[in-house]
Amino acid sequence: MSDELTIVTLFPSLLNSNGDAENARVLARRAEWAGASARVVAVEDASELPAHVDAVVIGSGSDNELEAARDKLRTLLEELRRWGTEGVPILAVGTGWELLSHGIELAGSNGGPVRAIEGIGILPGRAVPRESRVTDDLVVKSKFGRLVGFENHARDYNHAEASPLGRVLSGSGNGRGSGQEGVVMGDVFGTHLHGPVLAKNPGLADELLARMFRRAGLDYQRGERAASVDEIARAARNQIAVRLGLESE
Amino acid sequence: MGLRYAPAILIGRCVRVLARLRKPGGGSAVPGLVVNKIAPGFLTETLNSFPEGLVIVTGSSGKSTTTKMLVAALRGHGKKVFTNPSTANISQGLTSALLEEASLTGRIAGDIAVLEMDEGHGALIADALKPKVVLLTNVMVDQIDRFHDSEMVAGMLEKIALRATQAVVVNADDAFLEQIVTRLRGTVDTPRFGVSVDVLDANPRGLGLAAMTPRRMPSEAGVLVRSVSGRSTEVTIDGGAVTTVRLPARGTHYAVDAAAALATARAVLGNRFDPAIAVSTIGSIPPVFGRGETLQVRGTTVEFVLVQNPASFQLNIDHLDPDTEQILFAVGSDVRDPSYFWPVDTSGLGHVDIVSGSKADELALQLSYDNVQIGRIERDLGKAVDEFLAMPEPSRGVKTVIFSADSMRRTRAHLGLSAVEAPE
């Protein structure tokens, strides 16, 4: 392996509408705080892909650019398949996650017919229209701790039941009465939790970091600075949880 | 419109008196709420009744500064202008403001109305309005939880633009606005303003627009910002003589606001437009509170900096004096979910003495991941402000307070600065 850990964020000019691509920075910073050296590479075209990749972040974009983003992701289909099964963690948020699925159904505007966009098909399930957009806090019980964040999406996610990221404590998540949020398959993590989900939920960040360090033959121990920053994250999560009538932790 | 609205106006005034008795200094939106309920046509009919028409200023950012500049320019030309006071850019507030000045026939003394309009609320009442001129400032990534994405903002601006009877003034650097111009199909004039290649080059992070046009506007095509230096800018009108305009604060976005105000004043006044009057009156508007001006507070000099969206956040941080020794940074409840701020690179701050506001933890988290050193977190803004002002005088720079709109309002109230000009 190379000495420096490389975290790539895919096509951020199309996929970063809620700051989701910035999760790459969170991984790099925590890797540094754990004593490793790390860099973030923003990849706007397949030709810019570094030779070695340790983790991948795919953010969320606007519906008008779904097909453009999908076509870009297709140029990395083989790499994404390979990474997701060989210990390179992939975090995909919002529409970035939907595009990894089998497909996205778009509600027709003004009562027009439903339109479907094919996904790149590396995750089970598909995105289907909701009655109305959900824009609210989302709290999820997961094996990486209670995850707290914000969701802003116009579609539910069907058929992730086999391997969700967690169970919804507050909010909508995958919807359709599933009571579940997100999907995890191999090293691929899909979630509606937008924005800096890894900063606010370091338990999930450290799971991704442990996988990335393991593959590099390193041992991941949370750094001292991370421990103090994680106290800030805990306060931010608790503020939201308490407002929603959940217990502080 | 006769005395049709007289009962509603009288009732609105009674409600206003009652609201003020109950809460001195407050209750400004309540009379509007009541009148909009009992006389739903009052607001739009009154707005459409000005003899020289209605001008609407809308877009993601720069609305309030540009509106003030435009009003100053029109008044400089001898026009009597009605404009909406600060924070009254929603229907209730606007109706309340109109009630203050309307006669019982619903008429307001004045030649022309210039209104700053929130894109969301503006689109809601657009169908009933007949503006003579609409100014579209820009489409920025702003308030994601309200508007979801830039296409939606552009759609709302288009709805307002389609109502214009004479001209739609647009920012030529904004690709979304140029698309709107295409869809207007030449039904109205579309004067432009924009920045030069040099100005864009001096802003390596760009202008904060959601999408930029591929080429800069040629100087002969409108009002062009040629250069920006501190609190002044050089502009040309249709490629004519270079003119210097004084700005209310430093920063490229204020120069663009001035260009927008010049282009709009010209569209409104036609051949009565005098560039010399426009430039001098625009240059005379006072610094806007929270836009990088300094004030004397409790015997110490304080600079106040407002961040409203990712673009102004980044620009304002980039424009801070790098030697600034003491910083208080507060984000409040106006930012529902601060995720969309994360693309902003805050590392240039280096350190922040006190992080405050109801979203203090979220802000501290972002600063931490940019390796900005944090002195401490104090969620109680009043306490934070008191302790910040009580700190020993800095040896370098001035005490600097950076805040979101909600924290700004709370800070002003806490310091008793209510008489100071507000940006909204």
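Sequence order sets the numbering: in each chain, residues are counted from 1 along the sequence as written. Chains carry letters from A onward and ligands carry numbers from 1 onward, assigned in written order. Note on the predicted model: pLDDT of at least 70 is required for a residue's local features to be given, and 80 or more for side-chain atom pairs to be given and counted; whole-chain, interface and lining totals, by contrast, use all residues. Heavy atoms from the whole structure form the basis of all side-chain values; hydrogens and water molecules are not counted.

Asker: Before we go on, may I ask you to explain the overall build of chain A in this structure?
Answerer: The secondary structure content of chain A amounts to seven helices and 12 strands. Based on C-alpha atoms, the radius of gyration is set beside the globule rule, defined as 2.2 Å times the residue count to the power 0.38. Its C-alpha atoms give chain A a radius of gyration of 17 Å, near enough to 18 Å, the size a compact globule of 249 residues would have. C-alpha atoms of chain A, sized along the principal axes, occupy 55 × 50 × 30 Å. Of all 249 residues assigned to chain A, the portion counted as buried reaches 59%. Every residue pair with non-hydrogen atoms within 4.5 Å of one another is taken to be in contact. Of the contacts made within chain A by residues no fewer than 6 positions apart, 67% connect residues no fewer than 24 positions apart. Helix and strand assignments come from DSSP, with helices taken as H or I runs of at least 4 residues and strands as E runs of at least 2, each series counted from the N terminus. Burial classes: relative accessible area under 20% of the type maximum marks a residue as buried, over 50% as exposed, and values in between as partly exposed (1.4 Å probe, protein chains only).

Asker: Just checking my understanding: could you explain the environment of A:G190 for this structure?
Answerer: All names here are of chain A. Mapped onto the elements of the fold, G190 is located in strand 12 (residues 188-191). For G190, a relative accessible area of 0% gives the class buried. For the pair G190 and E98, spaced 92 residues apart in sequence, the C-alpha to C-alpha distance is 8.1 Å. Ignoring any residue separated from it by four or fewer positions in sequence, one finds G190 in contact with A92, W97, L165, G182 and V183.

Asker: What am I meant to see in the nonpolar core here?
Answerer: The tendency in soluble globular proteins is for nonpolar side chains to be buried side by side. The criterion is simple. A nonpolar core is a set of buried Ala, Val, Leu, Ile, Met, Phe, Trp, Tyr and Cys residues joined through side-chain atoms within 4.5 Å. If you look at the biggest cluster of nonpolar residues, it comprises 62 residues, and the most contacted ones within it are A:L198, A:L204, B:F329 and B:L349. Leaving out residues up to four positions away in the same chain, B:F329 has contacts with B:V307, B:F313, B:L349, B:V352, B:I354, B:V355, B:S356, B:L363 and B:I402. Judged by nonpolar contacts, the second largest core, of 47 residues, contains B:M69, B:L247, B:I285 and B:A311.

Asker: So what exactly am I meant to see when it comes to the pairing of strand 6 (residues 192-195) of chain B here?
Answerer: Consecutive side chains along a regular strand alternate between the two faces of the sheet. All names here are of chain B. Of the two faces of strand 6, the one holding R192 and G194 and the one holding F193 and V195 are both buried throughout. Two strands qualify as a pair provided DSSP detects at least 2 bridges between them. With two bridges connecting them, strand 5 (residues 167-171) and strand 6 associate as parallel partners. Paired with N171 across the strands is F193, a residue of strand 6. Where strand 6 lies against strand 7 (residues 222-229), four bridges are found, and the strand directions are parallel. Note that in strand 7 the partner of V195 across the bridge is V225.

Asker: Teacher, can you tell me more about the packing of helix 4 (residues 63-76) of chain B against helix 11 (residues 252-269) of chain B here?
Answerer: The description of two packed helices rests on the angle between their axes and on the distance between the axes. Residues and elements named next belong to chain B. It is at 8 Å that the axes of helix 4 and helix 11 come closest, and there the two elements cross at 40 degrees. Put simply, helix 4 runs oblique to helix 11. As for how helix 4 packs across helix 11, the hand of that crossing is right-handed. Contact with helix 4, carried on its side by T65, T66, M69, L70, A73 and L74, involves Y254, D257, A258, A260, A261, T264, A265, V268 and L269 of helix 11 and no other residues of that element. The classification used treats Ala, Val, Leu, Ile, Met, Phe, Trp, Tyr, Cys and Pro as nonpolar, Asp, Glu, Lys and Arg as charged, and all other residues, Gly among them, as polar. Across the contact of helix 4 with helix 11, the residue classes break down as 11 nonpolar, three polar and one charged. Angles here are taken between N-to-C directions and fall from 0 to 180 degrees, while the axes themselves are lines fitted to C-alpha atoms, restricted in helices to the stretch in contact. Throughout, the term roughly parallel applies to angles under 35 degrees, roughly antiparallel to angles over 145, roughly perpendicular to angles from 65 to 115, and oblique to all others. Each crossing gets its handedness from the near helix: less than a right angle anticlockwise from the far helix is left-handed, clockwise is right-handed.

Asker: I keep staring at the packing of aromatic side chains and nothing clicks. Help me out?
Answerer: Any pair of aromatic rings gets described here by the distance separating the centres and the angle formed by the planes. Only the six-membered ring of Trp is used, alongside the rings of Phe and Tyr, when aromatic pairs are assigned; centres must lie within 6.5 Å, and planes under 30 degrees apart are stacked while those over 60 apart are edge-to-face, with the rest tilted. The tally for this structure, following the rule as stated, stands at 10 aromatic pairs over all chains. Residues A:F213 and A:Y220 carry aromatic rings whose centres are separated by 5.1 Å and whose planes lie at 70 degrees to one another, so their mutual orientation is edge-to-face. Residue classification places A:Y220 among the buried residues on the basis of a relative accessible area of 12%. On the numbers, 6.2 Å between centres and 45 degrees between planes, the contact of B:W342 with B:Y369 is tilted.

Asker: Sorry, what's going on with the pairing of strand 1 (residues 54-58) of chain B here?
Answerer: All names here are of chain B. Of all five residues making up strand 1, five are buried, and the element is well covered by its neighbours. The alternating pattern of strand 1 places L54, I56 and T58 on one face and V55 and V57 on the opposite face, and all of these are buried. Taken together, the four bridges between strand 1 and strand 3 (residues 112-116) define a ladder with parallel strand orientation. The residue bridging I56 from the neighbouring strand is L115, located in strand 3. Pairing of strand 1 with strand 4 (residues 133-136), which is carried by four bridges, proceeds in the parallel orientation. Within strand 4, the residue paired with V57 across the bridge is L135.

Asker: Mind showing me how you'd approach helix 3 (residues 77-85) of chain A here?
Answerer: Quick reminder: α-helices carry 3.6 residues per turn. Residues three or four places apart thus point the same way. Residue and element names in this part refer to chain A. Along helix 3, the residues that are buried comprise L77, L80, W83 and G84. Considered in projection along helix 3, the buried side chains sweep an arc of 130 degrees and stay on one side of the axis. Exposed side chains of helix 3 directed beyond 90 degrees from the buried face belong to E78 and T85. Looking at the buried residues of helix 3, the elements they touch are strand 1 (4-10), strand 3 (55-58), helix 2 (66-74), strand 4 (90-93), strand 11 (183-185) and strand 12. The first or second residue beyond helix 3 is G87, which carries a positive phi of 85 degrees. Arc definition: it is the arc formed by the directions from the helix axis to the C-beta atoms.

Asker: Whenever I open this one, the interface of chain B and chain A confuses me. Can you help?
Answerer: It is common to report an interface's size as the accessible area lost on association of the parts. Taken residue by residue, the interface counts 26 residues in chain B and 34 residues in chain A. Summed over both partners, the interface of chain B with chain A comes to about 2500 Å²; 53% of that surface belongs to carbon and sulfur atoms. For this analysis, a salt bridge means a side-chain nitrogen from Lys or Arg found within 4 Å of a carboxyl oxygen belonging to Asp or Glu. Taken together, the connections running from chain B to chain A amount to four salt bridges. Between B:E362 and A:K200 there is a salt bridge whose closest N-O contact spans 3.0 Å. Identification of polar contacts relies on pairs of N or O atoms within 3.5 Å, with a donor-acceptor requirement for protein atoms, meaning one able to donate a hydrogen and the other able to accept it, and with residues adjacent in sequence counted only if both atoms are side-chain atoms. At the boundary of chain B and chain A, one finds 12 residue pairs in polar contact (both at pLDDT 80 or more). Among the secondary structure elements, those contributing two or more residues to the side of chain B that touches chain A are helix 7 (144-147) and helix 14 (360-369) of chain B. When residues in the side of chain B that touches chain A are grouped by element, the largest group, seven residues, is from helix 14 of chain B. Among the residues making up the side of chain B that touches chain A, the classes are represented as 11 nonpolar, six polar and nine charged. Defined here as a combined quantity, buried area equals the accessible surface (1.4 Å probe) lost by two parts on assembly, summed across both.

Asker: Explanation requested: the sheet that holds strand 8 (residues 232-237) of chain B in the structure shown.
Answerer: The strands that make up a sheet are held in pairs by hydrogen bonds between backbone atoms, and each pair lies either parallel or antiparallel. All names here are of chain B. One open sheet accounts for nine strands, arranged 2-3-1-4-5-6-7-8-9; its pairing is mixed. Each edge of the open sheet is held by one strand with a lone partner, namely strand 2 (81-83) and strand 9 (243-246). Each adjacent strand pair in this sheet contributes to an overall mean axis angle of 20 degrees, direction not counted. Along the sheet face, helix 8 (residues 150-161) touches strand 1, strand 4 and strand 5 and points at about 160 degrees away from the line of strand 4.

Asker: Sorry if this is basic, but what is going on with the UniProt feature "binding site: substrate" (unreviewed entry) in chain A here?
Answerer: UniProt positions are given in the numbering used here, feature names are shortened, and annotations may be inferred rather than shown by experiment. If you check UniProt for "binding site: substrate" (unreviewed entry), the listed places come out as A:R133 in our numbering. The topology assignment puts A:R133 in strand 7 (residues 126-142).

Asker: In this structure, what is going on with the pattern of salt bridges? I would like to understand it.
Answerer: Once the charged atoms of two side chains with opposite charge are near each other, the side chains can pair. Tallying each qualifying case throughout the model produces 42 salt bridges over all chains. The partner of B:K79 in a salt bridge is B:E52, and the shortest N-O contact between them spans 3.0 Å. Here B:E52 lies in the loop between helix 3 (42-47) and strand 1 and B:K79 lies in the loop between helix 4 and strand 2, a separation of 27 residues in the sequence. Here the residues in one salt-bridge network are A:R30, A:D206, A:R222 and A:D230, joined through shared partners.

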